[in-house]
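Okay, here's what each chain looks like letter by letter:
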Amino acid sequence: QVQLVESGGGLVQPGGSLRLSCAASGSIFLINTMGWYRQAPGKQREMVATISSGSSTNYADSVRGRFTISRDNAKAPVYLQMNSLKPEDTAVYYCYFWQHGKQYWGQGTQVTVSS
């Protein structure tokens, strides 16, 4: 089993920045993928960014160039640096962890971009 603990959400003005973090604990193997998804009211959950244990990254087109996902190694926390935030980035952000065919989700953290 894997447990995920997220932090870093909040309220920010348009153009501002936030950093989300997610720490995984439990039975973590060296090959895995972590990332962030988000879900806005009335919309489906969508991928924001992912990073593999080999440091390969993938971004949604809507955030590429503004968001950066990072982690130091396969067992380290994952971070999502969000810059130039827009009102349309408002959503609940969920940490995601995948290994050996199983996926795990964090409890979600609210990000609100509003003036």
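Before any of the text, the structure's been laid out above.
Definitions and cut-offs
Residues numbered from 1 in each chain as written. Predicted model: local features only at pLDDT ≥ 70, side-chain atom pairs only at ≥ 80, totals over all residues. Heavy atoms only, no water. Helix = DSSP H or I, 4+ residues; strand = E, 2+ residues; numbered from the N terminus. Buried < 20%, exposed > 50% of the residue type's maximum accessible area, 1.4 Å probe, protein only. Contact = heavy atoms within 4.5 Å. Areas by Shrake-Rupley, 256 points an atom, 1.4 Å probe, with all protein chains shown as cover. Lys, Arg positive; Asp, Glu negative; His and termini not counted. Charge placed at Lys NZ, Arg CZ, Asp CG, Glu CD. Phe/Tyr/Trp six-rings, centres within 6.5 Å; stacked < 30°, edge-to-face > 60°. Lys NZ or Arg CZ within 6 Å of the ring centre and 35° of its normal. Disulfide = S-S within 2.5 Å. Pairing = 2+ DSSP bridges. Axes fitted to C-alpha atoms, helices over the stretch in contact; angles between N-to-C directions.

A. Representation of the overall build of the protein chain. For the protein chain, the helix and strand inventory stands at 0 helices and 11 strands. Counting from the amino terminus, helix and strand elements in the protein chain follow one another as β-β-β-β-β-β-β-β-β-β-β. Its C-alpha atoms give the protein chain principal-axis dimensions of roughly 40 × 25 × 20 Å. Looking at the 115 residues of the protein chain, the share that counts as buried comes to 43%. Within the protein chain, contacts between residues at least 6 apart in sequence are counted, and of these 53% link residues at least 24 apart. Accessible area of the protein chain: about 6100 Å², with a carbon and sulfur share of 48%. Computed over 10 positive and 6 negative side-chain charges, the separation of the two mean positions in the protein chain equals 5 Å.

B. Fine view of the packing of aromatic side chains. Evaluated as defined, the whole model comprises 4 aromatic pairs. Between the aromatic rings of Y37 and W105, the centroid separation amounts to 5.1 Å while the plane-to-plane angle is 80°, which identifies the pairing as edge-to-face. Linking Y37 in strand β4 (residues 33-39) with W105 in strand β10 (residues 102-105), this pair joins segments that are 68 residues apart in sequence. What makes W105 partly exposed here is its relative accessible area of 33%. Put simply, the rings of Y37, Y96 and W105 pair up and form one aromatic cluster. For the cation-ring pair, R45 lies above Y94, with the distance from its terminal atom to the ring centre recorded as 3.8 Å. Lying across the ring of W105, R45 places its NZ or CZ 4.6 Å from the centre.

C. Here's a closer look at the state of the cysteines. What the rule picks out here adds up to 1 disulfide. Each sulfur in the disulfide pair C22 and C95 lies 2.0 Å from the other. Of note, the bridge from C22 to C95 carries an S-S torsion of about -85° and is left-handed in sense. Note that C22 is positioned in strand β3 (residues 18-26) and C95 in strand β9 (residues 91-99), a separation of 73 residues in sequence. On the basis of relative accessible area, C22 is assigned to the buried category, the value being 0%. C95 sits in the buried class, given a relative accessible area of 0%.

D. Molecular detail of the sheet that holds strand β8 (residues 78-82). Taken together, the 4 strands give an open sheet; going across it, the order is β1-β3-β8-β7, and neighbouring strands pair in antiparallel fashion. Of all the strands in the sheet, the pair left with one neighbour each is β1 (2-7) and β7 (67-70). Averaged over all pairs of adjacent strands, the angle between strand axes in this sheet comes to 15°, irrespective of strand direction.

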